[in-house]
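One letter stands for each residue in the lines below.
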Amino acid sequence: MGKNLKGKELGPGLSQRKDGRYSARFVTSCGKRIEKYFPMYQDARKWLAEARLQDQQGDVGCVSLGMTVDAWFEYWIVNIKEKTVRPNTVRNYRERYKQNIKRLIGKTLINDVKPMHCQMVLNRMTDDYAGSTIRQTLLTLYNMFQSAFENGIISSNPVTKTV
């Protein structure tokens, strides 16, 4: 149990720093420590209660914590797509990912990908690629992120907001 600057007990997971801000932290069911700082004690207490509830309900997934787009693509292509689509489609997905997507957003955490990142991938292709290849890349992005959304890895598909 943490204490405030006057020595009063604040409760488990809460403490006050020397600069006056309140720290709220807990360990998820996956074993990852999450910590956040707040100017007000009530905000810290509220966030901590909500974060613990989300963790218990499974909204903070063990799989998605720290997962990059590269890691999701490999999981998605091997465990989901290779079993449900034809080999030529898998080859097209792999080629579009390797040639156009990986170098731009491959190292990004999957939860951090925004529509602007997906649009950037497509914009970089306009000068060098045919329209059909750009559409294949768009389909690869859409299917990959839609599967992540349907499996609870991300909260929304960033490609749906892309032109």
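What comes next is a walk through the structure.

A word on the side chain of Thr137. On the secondary structure map, Thr137 appears in helix α5 (residues 131–150). Thr137 sits in the buried class, given a relative accessible area of 0%. What Thr137 contacts, discounting residues up to four positions off in sequence, is Arg96, Asn100, Ile101, Val121, Leu122 and Met125.

As a further point, take the packing of helix α3 (residues 87–105) against helix α4 (residues 115–125). It is at 10 Å that the axes of α3 and α4 come closest, and there the two elements cross at 135 degrees. On the basis of their axis angle, the class for α3 and α4 is oblique. Seen from above, α3 lies across α4 with right-handed handedness. Contacts between α3 and α4 pair Asn100, Ile101, Leu104 and Ile105 from the former with His117, Met120, Val121, Arg124 and Met125 from the latter.

Here the focus is α4. Among the residues making up α4, those that are buried are His117, Cys118, Gln119, Val121, Leu122 and Met125. Contact partners of the buried residues in α4: α3 and α5.

Our next topic: the sheet that holds strand β5 (residues 33–38). With antiparallel pairing, the 3 strands of this open sheet are ordered in space as β3-β4-β5. Edge strands, defined here as strands with exactly one partner in the open sheet, are β3 (14–16) and β5. Ignoring strand direction, the axes of neighbouring strands in this sheet form an average angle of 20 degrees. As paired elements, strand β4 (residues 22–27) and β5 share 6 bridges and run antiparallel to each other. For Val27, the partnering residue across the bridge sits in β5 and is Arg33.

So, on to the packing of aromatic side chains. Applying the stated rule across the entire model yields 7 aromatic pairs. Consider the rings of Phe73 and Tyr97, whose centres lie 3.9 Å apart with planes at 5 degrees: the pair is stacked. Here the residue Phe73 occupies a position in helix α2 (residues 69–81), and Tyr97 occupies one in helix α3, the gap between them amounting to 24 residues. Members of the aromatic cluster, joined through ring pairs, are Phe73, Trp76, Tyr93 and Tyr97. Here the basic side chain of Arg17 rests over the ring of Tyr37, its NZ or CZ set 4.3 Å away from the ring centre.

Looking now at the pairing of β4. In this structure, β3 lies alongside β4, joined through 3 bridges in antiparallel fashion. Paired with Gln16 across the strands is Tyr22, a residue of β4. In this antiparallel pair of consecutive strands, β3 and β4, the connection spans 5 residues, and Gly20 shows a positive phi of 95 degrees.

Moving on: the environment of Thr89. Along the chain, Thr89 falls in helix α3. Judged by its relative accessible area of 27%, Thr89 is partly exposed. C-alpha separation for the pair Thr89 and Gln136, spaced 47 residues apart in sequence, amounts to 9.9 Å.

Looking now at α3. Bending of α3 peaks at approximately 45 degrees at the position of Lys98. Taken together, the buried positions of α3 are occupied by Val90, Tyr93, Arg96, Tyr97, Asn100, Ile101 and Ile105.

Membership of the largest hydrophobic core comes to 25 residues, with the highest contact counts inside it found for Trp72, Trp76, Ile110, Leu141, Met144, Phe145 and Ile153. Of all the secondary structure elements, the ones that give two or more residues to this core are α2, α3, α4 and α5. For Phe145, the residues in contact, after removing those within four places along its chain, are Val69, Ile105, Ile110, Val113, Cys118, Ile154, Asn157, Pro158 and Val159. If you look at the next biggest cluster of nonpolar residues, it comprises 10 residues, including Leu14, Ala24, Trp47 and Leu48.

Conventions used here
For every chain, the first residue of the written sequence is number 1, and numbering continues from 1 along that sequence. Local features in this predicted model are restricted to residues of pLDDT 70 or higher, and side-chain atom pairs are both shown and tallied only at a pLDDT of 80 or more, whereas totals for entire chains, interfaces and linings draw on every residue. Note that water and hydrogens are dropped before the side-chain values are worked out from all heavy atoms of the structure. Secondary structure elements are defined from DSSP: runs of H or I of at least 4 residues count as helices, runs of E of at least 2 residues count as strands, and each element is numbered from the N terminus. When accessible area is computed with a 1.4 Å probe and restricted to protein chains, residues below 20% of their type maximum are described as buried, those above 50% as exposed, and intermediate ones as partly exposed. When checking whether two residues touch, look at their non-hydrogen atoms; a contact exists if any pair is within 4.5 Å. Here the axes come from fitting lines to C-alpha atoms, over the contacting stretch only for helices, and the angles between their N-to-C directions go from 0 to 180 degrees. Roughly parallel means an angle under 35 degrees; roughly antiparallel means over 145; roughly perpendicular covers 65 to 115; every other angle is labelled oblique. By definition, turning the near helix anticlockwise from the far helix through less than a right angle yields a left-handed crossing, and turning it clockwise yields a right-handed one. A pair of strands is considered paired only if DSSP assigns at least 2 bridges between the two. Each aromatic pair joins two rings of Phe, Tyr and Trp (for Trp, the six-membered one) with centres within 6.5 Å, and gets the label stacked for planes under 30 degrees apart, edge-to-face for over 60, and tilted for any other angle. Only when the NZ of Lys or the CZ of Arg is both within 6 Å of the ring centre and within 35 degrees of the ring normal is a charge said to sit over the ring. One axis fitted to the seven residues ending at a residue, another fitted to the seven starting there: the angle between these axes is the bend at that residue. Put simply, a nonpolar core is a bunch of buried Ala, Val, Leu, Ile, Met, Phe, Trp, Tyr and Cys residues held in one set by side-chain atoms that sit within 4.5 Å of each other.

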